[in-house]
Amino acid sequence: MSLGPVMLDLVGTTITPAEREMLLHPQTGGVILFSRNYESLAQLQALLDELHALRNPRLIVAVDHEGGRVQRFRDGFTEIPAMAELGALYDRDKKLALDVAQELGWLMAAELRAVGVDISFAPVLDLHHGMSGVIGDRSFHKHPEIVATIAHRFIMGMREAGMAATGKHFPGHGGVKEDSHVAKPVDKRDLNDLRLSDMIPFERLVHYGLAGIMPAHVVYESIDPLPAGYSKFWLQDILRRELGFDGVIFSDDLSMDGADLGNSYGERAHLALDAGCDMVLVCNHPEAAMQVLRALKDYENPVAQWRLIRLHGRPKALNNTALHKSTRWQAATKWAQQLLNDPNFELAV
């Protein structure tokens, strides 16, 4: 059985019979977990073991675990500071900020890999223009070169822990006030403006081997009438051809308001895949997920399957017990705690 192009979610801490049926559907390729799926480390490990055993190749298991406001698992996991704290630290001490960024990227990924999560949809590469509430302190900085520099070190840490990184939200969500979860954002800037600002972190990280990218449910109206996640111009002409990206393109959740064009969920999935996405996310709507699986019954994309299989996390080097005994974990958790408690800290690394 191959990996299909659909990533689904679960309603609770165990797999229901109906969910098991959808997870075994040939067009399913992944699962995204949320806070509602987490009760304890033991429960999460049991859930992941069950998910891994369902299929071969096994489903890709993902989570949004950026740090700050967006960290799905809390108890039993280290609290990761918001990425804006690293940007503020960079303004004071560049070397320290980059060293801490690499350790926090490793820490976040190592704790997830220890239980078997393949990928965290991180880091956010959007710029902090000061107008987007949904991005806000999830962004490293307002300057694109600084975002690229810090994100590169964060991703290096993730790689050291055996996890591929996914940059979001291409070509940049920070220039609009609206939240695409509940609205249909429109960015009025032209392509040249975006190339000279928001696109820079994506361009830099693509050249550093970024494994995944998630486009924004934002319409850049002077460029294309469709949201970026549905746009062949953005995904094929710019991302694939101009920037040379050869990794996985994930759609953002198709149930978000920004993805709603007045069409069915099946039509949204086809539109995103035809535009260039390799995998589409359908979250918080089991009926919509089933609609998408039915609509994609005959869909095939061998190249996308090849890209997706590369996202499986490397074999776990450490289980939780061994991880917590390691000197690197102990040092990294101290840096995370110190940055949370005293953002102005100065620590020799």
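Structure shown above.
Quantities reported herein were computed from a predicted structural model and do not represent experimental measurements.

Here is what the cut-offs are and how they apply
- Residues numbered from 1 in each chain as written.
- Predicted model: local features only at pLDDT ≥ 70, side-chain atom pairs only at ≥ 80, totals over all residues.
- Heavy atoms only, no water.
- Patch = residues over 30% accessible without salt bridge, like charges linked within 9 Å, V, L, I, M, F, W, Y side chains within 5 Å.
- Areas by Shrake-Rupley, 256 points an atom, 1.4 Å probe, with all protein chains shown as cover.
- Salt bridge = Lys/Arg side-chain N within 4 Å of Asp/Glu carboxyl O.
- Helix = DSSP H or I, 4+ residues; strand = E, 2+ residues; numbered from the N terminus.
- Buried < 20%, exposed > 50% of the residue type's maximum accessible area, 1.4 Å probe, protein only.
- Lys, Arg positive; Asp, Glu negative; His and termini not counted.
- Polar contact = N/O pair within 3.5 Å; in protein donor to acceptor, adjacent residues only side chain to side chain.
- Pairing = 2+ DSSP bridges.
- Contact = heavy atoms within 4.5 Å.
- Axes fitted to C-alpha atoms, helices over the stretch in contact; angles between N-to-C directions.
- 1 Å grid on protein atoms, 1.4 Å probe; cavity = no way out; pocket = protein on both sides within 12 Å on 5 of 7 lines; lining within 4 Å.
- Points joined across faces, edges and corners; volume = space filled by probe spheres on them.
- Nonpolar A, V, L, I, M, F, W, Y, C, P; charged D, E, K, R; others polar.
- Arc of directions from axis to C-beta.
- Core = buried A, V, L, I, M, F, W, Y, C linked by side-chain atoms within 4.5 Å.

Trainee: Break down a nonpolar patch on the surface for me, citing the residues and quoting the values.
Mentor: Together, Val303, Trp306 and Ile309 make up a nonpolar patch on the protein surface, roughly 290 Å² of accessible area in all. Relative to the helices and strands, isoleucine 309 is located in helix α11 (residues 302–309). The exposure class of isoleucine 309 is partly exposed, given its relative accessible area of 36%.

Trainee: Tell me about the side chain of arginine 55, residues and numbers included.
Mentor: Its location among the elements puts arginine 55 in the loop between α2 (41–54) and β3 (60–63). For the buried arginine 55, no salt bridge is present, and the opposite-charge side chain at shortest range is aspartate 118, 12 Å distant. Engagement of the side chain of arginine 55 in a polar contact is seen with the backbone oxygen of histidine 25, the distance being 2.7 Å. For arginine 55, the side chain forms a polar contact with the main-chain oxygen of threonine 28, separated by 3.0 Å.

Trainee: Hey, could you go over the sheet that holds strand β7 (residues 166–170) for me, with residue numbers and the actual values?
Mentor: In spatial order, the strands read β7-β9-β11; together these 3 strands make up an open sheet with parallel pairing. Every other strand in the sheet has two partners, leaving β7 and β11 (248–249) as the edge strands with one partner each. Here 2 bridges tie strand β9 (residues 212–215) to β11, and the two strands are oriented parallel to one another. In the strand pairing of β11, isoleucine 213 is matched with isoleucine 249. Sheet strands in contact with helix α7 (residues 199–207) are β7 and β9, and its direction is about 150° off that of β7.

Trainee: Break down empty space enclosed by the protein for me, citing the residues and quoting the values.
Mentor: Under the criterion given, the structure shown has 1 cavity of 30 Å³ or more. Volume-wise, the largest cavity comes out at about 40 Å³. Around the largest cavity, the lining residues are Val134, Ile135, Arg138, His169, His173, Ser180, His181, Asp252 and Met256. Along the lines of polarity and charge, the residues of the lining of the largest cavity split into 3 nonpolar, 4 polar and 2 charged.

Trainee: Lay out α11 with the relevant residues and their values.
Mentor: Looking only at α11, the buried set comprises Ala304, Arg307 and Leu308. The arc that holds the buried residues of α11, viewed along the axis, is 100°, so those residues lie on one side. Where α11 is buried, its residues contact β3, α8 (232–242) and β11.

Trainee: Quick rundown of the environment of proline 286? Include the residues and the values.
Mentor: Considering the arrangement of structural elements, one finds proline 286 in helix α10 (residues 286–295). Considered as a pair, proline 286 and methionine 7 are 279 residues apart in the sequence and their alpha carbons are 12 Å apart. Ignoring any residue separated from it by four or fewer positions in sequence, one finds proline 286 in contact with Val11 and Met22.

Trainee: Lay out the nonpolar core in plain terms, naming residues and giving numbers.
Mentor: Formed by 98 residues in total, the largest nonpolar core has its most connected members in Leu33, Phe73, Leu86 and Trp234. Ranked by the residues each element gives to this core, the list is headed by helix α4 (residues 94–115), at 14 residues. Once you skip the residues sitting within four places of it in the chain, leucine 33 turns out to touch Leu10, Leu44, Leu47, Leu48, Val61, Ala62, Val63, Asp64, Arg72 and Phe73.

Honestly, it's all geometry; don't read function into it.
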